[in-house]
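So the chains spell out like this:
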Amino acid sequence: MAKEIKKIGVLTSGGDAPGMNAAIRAVVRTALAKGMEVVGIEKGYNGLLNEEFRPMDKHSVSDIIQRGGTILYTARCLEFMSDEGVRKGAEICRKHGIDGMVVIGGDGSFRGARDLANEGINTIGVPGTIDLDVACSDYTIGFDTAVNTALEAIDKIRDTSTSHERCSIIEVMGRHAGYIALWCGIGCGAEDILLPEKYDNDEQELINHIIDGRKKGKKHHLIINAEGIGHSESMARRIEAATGIETRATILGYMQRGGSPTCTDRVYASMMGSYAVELLSEGKSNRVVAHSKGKFVDFDINEALEMKKNIDEYEFLVGELLSK
Ligand code: ADP
């Protein structure tokens, strides 16, 4: 017989992402509707180890669906990466009568979730990261808002780039993954899109492309560079020296994380938060919620962590084709 879950904890971990609040709200309201008690755990696994708990009722999640960031705060926690840390976390859960846990975060957070599940606390992961770098899921909470926020900024930079007939390198987030760069690049009609998964460091090709564009009468040249490649400032200096065209680098940085989540992020986060509680109520553990092939599904966390994901080849080719 599946273990009946009476009280669950919810935490956000790793980098914050817009839509995490919508997921927290869905977890709390779904759990309450099922007669479970809910505790909000502040600052990720840190807050678990320090017992920074907040009882959650229906109203504790009022007025948050439209807010970016996470009302539970988030943190990285080194102690939770040790066996003792995880055991301590599980003991604290038992002490507080918490028999289920929803962890909203990325792959790192899911490793912690898996370890907690192995210590007997039924734990479910929900993919919350702007980087889209969770292999089992086509969608992660925050990606849609982040690309739209970045796109708005890029459109503005484009105006000034055209006016001054400049080359602009715009560096977007994504850690080691190029999904944000690819989507922003296609979405803003960039002349070049540099992805860590694909870029061969052939700067001469970039330079030739810029000069060629200028000869054809292009007024600007937008290069979307991914965080995983970085070095936008020095790249700009080299390009300016080689082409004689004024070149500026803009690193969009943390502004990409904040802001009110898009409708897509709110809806997907709501669905995924609710789904996580459904899994707990069925006695499931060590699962991660995902969106795959148009459906909400779930995977074993170990299997999910072993999956590999890469830039969609067709998206990449279209990006290349339209930028040339
Ligand atoms: P993300 O969840 O966005 O990938 P991190 O990789 O920073 O972010 O992970 C967030 C937190 O998850 C870490 O600070 C740590 O507390 C926990 N974590 C990461 N890796 C592990 C691991 N191998 N074992 C246990 N916990 C981990």
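Analysis parameters
- Residues numbered from 1 in each chain as written.
- Predicted model: local features only at pLDDT ≥ 70, side-chain atom pairs only at ≥ 80, totals over all residues.
- Heavy atoms only, no water.
- Core = buried A, V, L, I, M, F, W, Y, C linked by side-chain atoms within 4.5 Å.
- Buried < 20%, exposed > 50% of the residue type's maximum accessible area, 1.4 Å probe, protein only.
- Domains from an automatic or database assignment.
- Contact = heavy atoms within 4.5 Å.
- Helix = DSSP H or I, 4+ residues; strand = E, 2+ residues; numbered from the N terminus.
- 1 Å grid on protein atoms, 1.4 Å probe; cavity = no way out; pocket = protein on both sides within 12 Å on 5 of 7 lines; lining within 4 Å.
- Points joined across faces, edges and corners; volume = space filled by probe spheres on them.
- Nonpolar A, V, L, I, M, F, W, Y, C, P; charged D, E, K, R; others polar.
- Near = heavy atom within 4 Å.
- Polar contact = N/O pair within 3.5 Å; in protein donor to acceptor, adjacent residues only side chain to side chain.
- Areas by Shrake-Rupley, 256 points an atom, 1.4 Å probe, with all protein chains shown as cover.
- Salt bridge = Lys/Arg side-chain N within 4 Å of Asp/Glu carboxyl O.
- Pairing = 2+ DSSP bridges.
- Axes fitted to C-alpha atoms, helices over the stretch in contact; angles between N-to-C directions.
- Buried area = accessible area lost by both parts, 1.4 Å probe.

A. Structural detail: the nonpolar core. Judged by nonpolar contacts, the single largest core of 60 residues is most densely connected at Ile8, Val102, Ile154, Val172 and Ile224. Two domains each put at least three residues into this core: domain 1 (7–142 + 261–306) and domain 2 (145–258). Not counting the four nearest positions on each side in its chain, Val102 is found in contact with Ile8, Gly9, Val10, Leu11, Val27, Ile124, Val126, Ala276 and Leu280. Membership of the second largest hydrophobic core comes to 27 residues, among which are Val39, Ala90, Ile92 and Cys93.

B. Quick peek at the environment of Ala23. Residue position: Ala23 is located in helix H1 (residues 20–33). The class for Ala23 is buried, based on a relative accessible area of 0%. The sequence separation of Ala23 and Ile170 amounts to 147 residues, and the corresponding C-alpha distance is 30 Å. In this view, Ala23 contacts Ile104, Ile141, Ala269 and Gly273; residues no more than four positions away in its chain are not counted.

C. Structural view of the layout of surface pockets. Here the largest pocket is characterised by a volume of approximately 770 Å³. In this structure, the largest pocket is lined by 35 residues; those nearest its centre are Asp107, Gly108, Ser109, Arg111 and Arg175. Here the lining of the largest pocket takes 6 residues from helix H4 (residues 107–118), the largest share from any one element. Classifying every residue of the lining of the largest pocket by side-chain character gives 13 nonpolar, 11 polar and 11 charged. Mapped onto the domain boundaries, the lining of the largest pocket takes at least three residues apiece from domain 1 (7–142 + 261–306) and domain 2 (145–258).

D. View of the site of the ligand. With respect to spatial proximity, 16 residues lie near the ligand, and among them Arg76, Cys77, Gly106, Gly108 and Ser109 are the closest. In this structure, an oxygen atom belonging to the ligand sits 2.4 Å away from a side-chain N or O atom of Ser109. In the complex, the protein chains occlude 85% of the 550 Å² of accessible area that the ligand would expose alone. Ranked by the residues each element gives to the shell around the ligand, the list is headed by H4, at 6 residues. For the shell around the ligand, a count of residues per class yields 4 nonpolar, 7 polar and 5 charged.

E. Region of the structure containing the pattern of salt bridges. All told, the structure shown has 19 salt bridges when counted by the stated rule. The partner of Lys198 in a salt bridge is Glu313, and the shortest N-O contact between them spans 2.7 Å. Separated by 115 residues along the polypeptide, Lys198 in the loop between strand E7 (192–194) and helix H7 (203–215) and Glu313 in helix H11 (residues 313–323) bring together distant segments of the chain. Exposure remark for Lys198: the relative accessible area of 30% places this residue in the partly exposed category. One network of salt bridges, with partners in common, ties together Asp131, Asp133 and Arg175.

F. Spotlight on the sheet that holds strand E4 (residues 100–105). Taken in spatial order, the 7 strands make up an open sheet running E3-E2-E1-E4-E5-E10-E11, and their pairing is mixed. Since the sheet does not close on itself, it has two edges, and those belong to strand E3 (53–56) and strand E11 (295–300), each with one partner. Pairs of neighbouring strands in the sheet enclose a mean axial angle of 25°, with direction left out of account. As defined by bridge partners, strand E1 (residues 7–12) adjoins strand E2 (residues 37–41) across 4 bridges and the pair is classed as parallel. Across the sheet, residue Lys7 finds its bridge partner in E2, namely Glu37.

G. Structural view of the domain arrangement of the chain. Per the domain assignment, the segments making up the chain are domain 1 (7–142 + 261–306) and domain 2 (145–258). For domain 1 versus domain 2, the distance between C-alpha centres works out to 35 Å. Overall, the association of domain 1 and domain 2 removes approximately 1,100 Å² of surface from exposure, summing both partners, and the carbon and sulfur fraction of that is 52%. Along the contact surface separating domain 1 from domain 2 lie 3 salt bridges. In this structure, the salt-bridge partner of Arg175 is Asp131, at a minimum N-O distance of 3.2 Å. Along the contact surface separating domain 1 from domain 2 lie 6 residue pairs in polar contact (both at pLDDT 80 or more). Considering only residue class, the side of domain 1 that touches domain 2 consists of 4 nonpolar, 3 polar and 5 charged.

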